[in-house]
Amino acid sequence: LCAVELVRAEHFTVFLELRRIQQNQTLLQGIIMAFRELGVEIDEEIFQDIASTKKLVLFLDGFDEVHDDLKPKMTVEIENLIAFNENLRVIVSSRLESGLAMCPKLHVCKLSDLEEHEYKKVIYKLLDDTALAKQLIEQVEAHPGGLKQLLTTPLMVTLLVLGYKSYQELPAQL
């Protein structure tokens, strides 16, 4: 999603892995750190100015990876960020069971699983080598353990491709 926004070039996008925020940091401090990693020096006041422009999209990734002790604080900070910055677009990714889905400030969108053969398209997109992609797909189709049934998300396909590129074989066990 972030890459699509970057290609469109209609908004300034900032991607932040929530798991990187330390216990002694606030969400806003983490966002400012993400800006600085992009080479943009800002402070809280400048952030508020940017957030008010309707041109900023924040991608907060992996709420489910935040330590359980930090989730209540992080939830309040996300809610406040949205409540006090009405022109700011915030997209938070998380597994449904993380608890964030109960946040009234967020609209929950569940991603659909890949259809039966869509994993093949993902493999071709991830591998520049068409021959290697065909070889991997053939091995997935022939796998006796039902590996194909696990390939329901782009993340699972990506993990499979990374493992295959490293070891040139499929895992024996699911």
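Residues numbered from 1 in each chain as written. Predicted model: local features only at pLDDT ≥ 70, side-chain atom pairs only at ≥ 80, totals over all residues. Heavy atoms only, no water.

S.K.: Could you clarify how one ought to interpret the packing of helix α6 (residues 130–142) against helix α7 (residues 154–167) in this entry?
M.R.: Think of two packed helices as two axes; the pair is described by the angle between the axes and how far apart they sit. The N-to-C vectors of α6 and α7 enclose an angle of 110°; their axes lie 11 Å apart at closest approach. Taken together, the axes of α6 and α7 lie roughly perpendicular to each other. Read as a crossing pair, α6 and α7 show a hand that is right-handed. Each of L132, Q135, L136, Q139 and V140 in α6 lies in contact with α7, whose residues at this interface are L160, V161, Y164 and K165. Across the contact of α6 with α7, the residue classes tally to 6 nonpolar, 2 polar and 1 charged. (Axes fitted to C-alpha atoms, helices over the stretch in contact; angles between N-to-C directions. Helix = DSSP H or I, 4+ residues; strand = E, 2+ residues; numbered from the N terminus. Parallel < 35°, antiparallel > 145°, perpendicular 65-115°, else oblique. Left-handed = near helix turned anticlockwise from the far one by under 90°. Contact = heavy atoms within 4.5 Å. Nonpolar A, V, L, I, M, F, W, Y, C, P; charged D, E, K, R; others polar.)

S.K.: Is there a simple way to think about the packing of aromatic side chains in this case?
M.R.: Two aromatic rings, taken as a pair, are described by how far apart their centres are and by the angle between their planes. By the definition in use, this model includes 2 aromatic pairs. Ring geometry for F12 versus F35: centroids 5.5 Å apart, planes at 20°, classification stacked. Separated by 23 residues along the polypeptide, F12 in strand β1 (residues 12–17) and F35 in helix α2 (residues 27–37) bring together distant segments of the chain. On the numbers, 6.3 Å between centres and 80° between planes, the contact of F35 with F47 is edge-to-face. With F35 in helix α2 and F47 in helix α3 (residues 44–51), this residue pair connects regions lying 12 residues apart in the sequence. F47 shares its class with F35; the two are buried. Site record: aromatic cluster; members linked through ring pairs are F12, F35 and F47. (Phe/Tyr/Trp six-rings, centres within 6.5 Å; stacked < 30°, edge-to-face > 60°. Buried < 20%, exposed > 50% of the residue type's maximum accessible area, 1.4 Å probe, protein only.)

S.K.: Please clarify how a nonpolar patch on the surface should be interpreted in this entry.
M.R.: Together, L150, L155, M156, L159 and L162 make up a nonpolar patch on the protein surface, roughly 430 Å² of accessible area in all. When you line up the elements, L162 lands in helix α7. Among the residues examined, L162 registers a relative accessible area of 48% and is labelled partly exposed. (Patch = residues over 30% accessible without salt bridge, like charges linked within 9 Å, V, L, I, M, F, W, Y side chains within 5 Å. Areas by Shrake-Rupley, 256 points an atom, 1.4 Å probe, with all protein chains shown as cover. Salt bridge = Lys/Arg side-chain N within 4 Å of Asp/Glu carboxyl O.)

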